[in-house]
Amino acid sequence: MGRRKFTRTPMAEIVRRSPFDGLLSHNEKAKECISVLKDAMEAYCDGKWERFEELTNKIIKIEHEADLIKGNIRAHLPKSIFMRADKSTFLDCLREEDAILDYAEDAGVWLKFKRNVIPNEFREDFLKHLEKVIECVGAYDNAVKEVKALVRGAVRQKDREKAKQAIKETHRKEWEADEVEKRLTKNIFSADLDPLSIFHLIKVVELIGEIADHAENAGDRLRMMFAK
Amino acid sequence: MTALPPVYFVAGLALSFYMAWNIGANDLANSMGDVVGSRALTMRQVIVLAAILNFLGATFFGSRVTKTVGGGIVPIQAIDPHLVLIGCLSALLAAALWITIATYFSLPVSTSHSVVGAMLGFGLGCALMKTISLGDISWFVMVKIVASWILSPFGGMVMAFLIYKVMLHFLKKSDNVPKLESGILRYLVILSSSYQAFSFGSNDVANAIAPMATVLGFSGTEIPIWILTFGGIGIVVGLSTWGYRVIWTIGKKITDLTPSRGFSADVACATTVLIFSSLGMPVSTTHTIIGAVIGVGLARGFDAVNFGKVKQIVYSWLVTVPVVIALSFLLFIGLIALGI
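### A word on the overall build of chain A
Turning to step 1, where the next piece is worked out: Along its length, chain A carries seven helices and one strand.
Turning to step 2, where the next piece is worked out: Counting from the amino terminus, helix and strand elements in chain A follow one another as α-α-α-β-α-α-α-α.
Turning to step 3, where the next piece is worked out: Here the C-alpha coordinates of chain A stretch approximately 70 × 45 × 20 Å along the principal axes.
Turning to step 4, where the next piece is worked out: Each of the 228 residues in chain A was classed as buried or not, and the buried ones make up 52%.
Turning to step 5, where the next piece is worked out: Taking the intrachain contacts of chain A between residues at least 6 apart in sequence as the baseline, contacts between residues at least 24 apart amount to 83%.
Turning to step 6, where the next piece is worked out: One finds the centroid of the 43 positive side-chain charges in chain A at a distance of 9 Å from the centroid of its 43 negative side-chain charges.

The following block contains the structure:
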């Protein structure tokens, strides 16, 4: 604590900050990371390699920062903390949230491995796919806020409905991302590309798709926190 | 009553004032964080309000607890006035020392527990000198006091739980809870905090002035207003010269203590403390407010409650009593042995 202040303040330590605030600040990093991934994808498609390298390095840095936040949340949930939400469900949710960042990083790193020339027809779908993934994580973020209010207040039936809707929205966005992913995968396979490029691009699409899958999983963990 | 040597008189008043200062700086401040946190009042307004109400509580309702602590535990009438003088000063010094150590290390120690333990230490010293027998100490009163220490946090907890539940029942009907929180509920917190400052004054002032009142010959009799006023002033000085730091820390850290939660905790705690004041029981106001905050937490008021801190409070509780008894006992025996 540094300098002693000659005070007795047990009141200040009895109530902990809402653990959901930690979830939100961790997800803030996830959102930032995917938005940089989208910029990096754009730079990749345009063949702006210098900018691409710069952006992927930024992704790696953000992922690391998020890891520190995650560690901090875990370290501050000892046994003696009584939590409204089930602690292991909460930690599961944090792990899924962390997977969002892990896959965003993997997608960026995988892109780095091979410099393809992306046919123009794919460019649009690649960006659209990322757009949907961003929306999915955004919907999840919104769900965290709703569940935080719900777990704390338990005020009205309406609030419960709102939280459920927010989680459903995460599912819907994941489905939309899936649709783009299927189309994109099919088109890549039928494109006139060398097998190595096809393998590389297919894997990128897969990794980006994982991001939305884990946002959806995290949303499901949120749902468990207020299951009756 | 024989004339009191001025040295003792000044030393006793100084120690009493220091205890009062420490109560104002920490215990009273612990209860005021929610008003500043909810931005219902500015720091200056909080201090003025808390000062006035705490002062009124101390001056007009502080005598019952003072009588218990000063003359209810040790049979003062049966003891030579000089021994009473040295004993009470030892008790005061022991309590002040322990509170200083606790505050330095930020331990959640109660001033009430310290002073009661210290008075008992003096009583045990008298028993050792065969001035009184062990059986002359009012063990029944001691048992009642210890029971009140256990009951008060639980009382605060149960009452806060119920009040917050009722509050939620009404909040459920409203469509705009945030508007209520920033509107009428914020003003209710001003009322509930004032009520709390008043009730704290009625209980805590005894911790500062009971030994000195006994030295001056007021045990078992009415406590003169001027002594209570003196204690009240000390508490107010503590609050305004040091307590604002504690208020700031709490206001900053407990951002989740919204008006509806703060109000519930305040009313529950203040009522519990006031009941014990009217029974003449010196309870820990800080432990009661913590019990009340936990009650709100259990009624779904907070996402997370730190029970590690609760454990620390219980340990401090268990350590305080024997430590202070020993300190006061040894100081008393030592001073008498030195021929003072």
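### What to know about the overall build of chain B
Turning to step 1, where the next piece is worked out: Counting its secondary structure elements, chain B contains 13 helices and one strand.
Turning to step 2, where the next piece is worked out: Counting from the amino terminus, chain B carries its helices and strands in the arrangement α-α-α-α-α-α-α-α-α-α-α-α-β-α.
Turning to step 3, where the next piece is worked out: Here the C-alpha radius of gyration of chain B, 20 Å, is about what a compact globule of 340 residues would show, namely 20 Å.
Turning to step 4, where the next piece is worked out: Overall, the C-alpha framework of chain B stretches about 70 × 35 × 35 Å when taken along its three principal axes.
Turning to step 5, where the next piece is worked out: Out of the 340 residues belonging to chain B, those deemed buried represent 60%.
Turning to step 6, where the next piece is worked out: Expressed as a percentage of contacts within chain B between residues at least 6 apart in sequence, the contacts between residues at least 24 apart total 87%.
Turning to step 7, where the next piece is worked out: For chain B, the accessible surface area stands at approximately 12700 Å², while carbon and sulfur atoms represent 74% of it.

### Quick look at unusual backbone geometry
Peptide bonds are trans in most cases, and residues, glycine excluded, mostly fall at negative phi.
Residues and elements named next belong to chain B.
Turning to step 1, where the next piece is worked out: Backbone geometry places Ser106, a non-glycine residue, at a positive phi of 55°.
Turning to step 2, where the next piece is worked out: Summarising the element assignment, Ser106 is placed in the loop between α5 (81-104) and α6 (111-128).
Turning to step 3, where the next piece is worked out: We note that Lys130 has phi near 65°; this positive angle belongs to a residue other than glycine.
Turning to step 4, where the next piece is worked out: The topology assignment puts Lys130 in the loop between α6 and α7 (139-173).
Turning to step 5, where the next piece is worked out: A residue is classified by how much of its surface remains accessible, and Lys130, at 71% relative accessible area, is exposed.

### So, the pattern of salt bridges
All names here are of chain A.
Turning to step 1, where the next piece is worked out: All told, the structure shown has 26 salt bridges over all chains when counted by the stated rule.
Turning to step 2, where the next piece is worked out: Between Glu65 and Lys61 there is a salt bridge, with its nearest N and O atoms 3.7 Å apart. Pair noted here: Glu65 and Lys61 are both in helix α3 (residues 49-75), with a separation of four residues, about one helical turn.
Turning to step 3, where the next piece is worked out: Between Glu161 and Lys164 there is a salt bridge whose closest N-O contact spans 3.6 Å. Placement of both Glu161 and Lys164 in helix α6 (residues 157-189) is noted, with a separation of three residues, approximately one turn of the helix.
Turning to step 4, where the next piece is worked out: According to the relative accessible area criterion, Glu161 is partly exposed, its value standing at 35%.
Turning to step 5, where the next piece is worked out: Taking relative accessible area as the criterion, Lys164 reaches 23% and is therefore assigned partly exposed.
Turning to step 6, where the next piece is worked out: Salt bridges linked by common partners bring Lys132, Glu135, Glu169, Arg172, Lys173 and Glu176 together as one network.

### Focus: the confidence of the model for chain B
All names here are of chain B.
Turning to step 1, where the next piece is worked out: The predicted model of chain B averages 91 in pLDDT, with 99% of residues at 70 or higher.
Turning to step 2, where the next piece is worked out: Across chain B, the element-wise mean pLDDT spans from 72 in helix α8 (residues 177-182) up to 96 in α6.
Turning to step 3, where the next piece is worked out: Confidence estimates for the predicted assembly give a pTM of 0.84 and an ipTM of 0.79.

### Here's the deal with the interface of chain B and chain A
Turning to step 1, where the next piece is worked out: Tallying the contact residues gives 51 residues for chain B and 31 residues for chain A.
Turning to step 2, where the next piece is worked out: Interface area, chain B with chain A, both sides summed: about 3900 Å², of which 58% is carbon and sulfur.
Turning to step 3, where the next piece is worked out: On the surface where chain B and chain A come into contact, there are two salt bridges.
Turning to step 4, where the next piece is worked out: Of the charged contacts in the structure, one is a salt bridge between Arg8 of chain A and Asp27 of chain B, with a shortest N-O distance of 3.2 Å.

### Some remarks on the packing of helix α1 (residues 6-30) of chain B against α5 of chain B
Residue and element names in this part refer to chain B.
Turning to step 1, where the next piece is worked out: Viewed as axis vectors pointing N to C, α1 and α5 meet at an angle of 30°, and their least axial separation amounts to 10 Å. Note that α1 runs across α5; the crossing there is left-handed. Taking contact as the criterion, the partners of Tyr8, Gly12, Leu15, Ser16, Tyr18, Met19, Asn22 and Asn26 in α1 are, on α5, His82, Leu85, Ile86, Leu89, Leu92, Leu93, Ala95, Ala96, Ile99, Thr100 and Thr103.
Turning to step 2, where the next piece is worked out: Within the contact of α1 with α5, the residues separate by chemical class into 12 nonpolar, seven polar and no charged.

### Side note on the environment of Glu32 of chain A
Residue and element names in this part refer to chain A.
Turning to step 1, where the next piece is worked out: Within the secondary structure, Glu32 is located in helix α2 (residues 19-45).
Turning to step 2, where the next piece is worked out: We classify Glu32 as partly exposed; its relative accessible area is 35%.
Turning to step 3, where the next piece is worked out: Taking the C-alpha atoms as reference points, Glu32 and Glu146, separated by 114 residues in sequence, lie 21 Å from one another.

### Some words on the packing of aromatic side chains
Turning to step 1, where the next piece is worked out: Tallied over the entire structure, the rule returns 15 aromatic pairs over all chains.
Turning to step 2, where the next piece is worked out: Plain terms: the ring middles of Phe6 of chain A and Trp242 of chain B are 6.5 Å apart, the flat faces sit at 80° to each other, and that makes the pair edge-to-face. Taken together, the residues span two chains, with Phe6 of chain A in the segment before α1 (10-14) and Trp242 of chain B in helix α10 (residues 225-253).
Turning to step 3, where the next piece is worked out: Residue classification places Phe6 of chain A among the buried residues on the basis of a relative accessible area of 18%.
Turning to step 4, where the next piece is worked out: Here the aromatic rings of Phe122 of chain B and Phe332 of chain B are separated by 5.2 Å at their centres, their planes lie at 85°, and the arrangement is edge-to-face. Residue Phe122 of chain B is located in helix α6, and its partner Phe332 of chain B is located in helix α13 (residues 307-337); the two are separated by 210 residues in the primary sequence. As far as burial versus exposure is concerned, Phe122 of chain B and Phe332 of chain B are alike and both buried.
Turning to step 5, where the next piece is worked out: Joined through ring pairs, the aromatic side chains of Phe6 of chain A together with Tyr18, Trp21 and Trp242 of chain B make up one cluster.
Turning to step 6, where the next piece is worked out: The ring of Phe226 of chain A has Arg223 of chain A lying over it, and the distance from NZ or CZ to the ring centre is 4.6 Å.
Turning to step 7, where the next piece is worked out: In this arrangement the basic side chain of Arg245 of chain B is found over the ring face of Trp242 of chain B, its NZ or CZ atom lying 3.9 Å from the centre.

### With respect to the side chain of Ser193 of chain B
Residues and elements named next belong to chain B.
Turning to step 1, where the next piece is worked out: The topology assignment puts Ser193 in helix α9 (residues 184-215).
Turning to step 2, where the next piece is worked out: In terms of polar contacts, Ser193 uses its side chain to reach the side chain of Asp266, at 3.0 Å.
Turning to step 3, where the next piece is worked out: The residues touching Ser193, leaving out its near neighbours within four places in the chain, are Met32, Asp34, Val35 and Asp266.

Rules and cut-offs
- Residues numbered from 1 in each chain as written.
- Chains lettered and ligands numbered in written order.
- Predicted model: local features only at pLDDT ≥ 70, side-chain atom pairs only at ≥ 80, totals over all residues.
- Heavy atoms only, no water.
- Helix = DSSP H or I, 4+ residues; strand = E, 2+ residues; numbered from the N terminus.
- Buried < 20%, exposed > 50% of the residue type's maximum accessible area, 1.4 Å probe, protein only.
- Contact = heavy atoms within 4.5 Å.
- Lys, Arg positive; Asp, Glu negative; His and termini not counted.
- Charge placed at Lys NZ, Arg CZ, Asp CG, Glu CD.
- Rg over C-alpha atoms; globule rule 2.2 N^0.38 Å.
- Areas by Shrake-Rupley, 256 points an atom, 1.4 Å probe, with all protein chains shown as cover.
- Salt bridge = Lys/Arg side-chain N within 4 Å of Asp/Glu carboxyl O.
- pLDDT = per-residue confidence, 0-100.
- Buried area = accessible area lost by both parts, 1.4 Å probe.
- Axes fitted to C-alpha atoms, helices over the stretch in contact; angles between N-to-C directions.
- Left-handed = near helix turned anticlockwise from the far one by under 90°.
- Nonpolar A, V, L, I, M, F, W, Y, C, P; charged D, E, K, R; others polar.
- Phe/Tyr/Trp six-rings, centres within 6.5 Å; stacked < 30°, edge-to-face > 60°.
- Lys NZ or Arg CZ within 6 Å of the ring centre and 35° of its normal.
- Polar contact = N/O pair within 3.5 Å; in protein donor to acceptor, adjacent residues only side chain to side chain.

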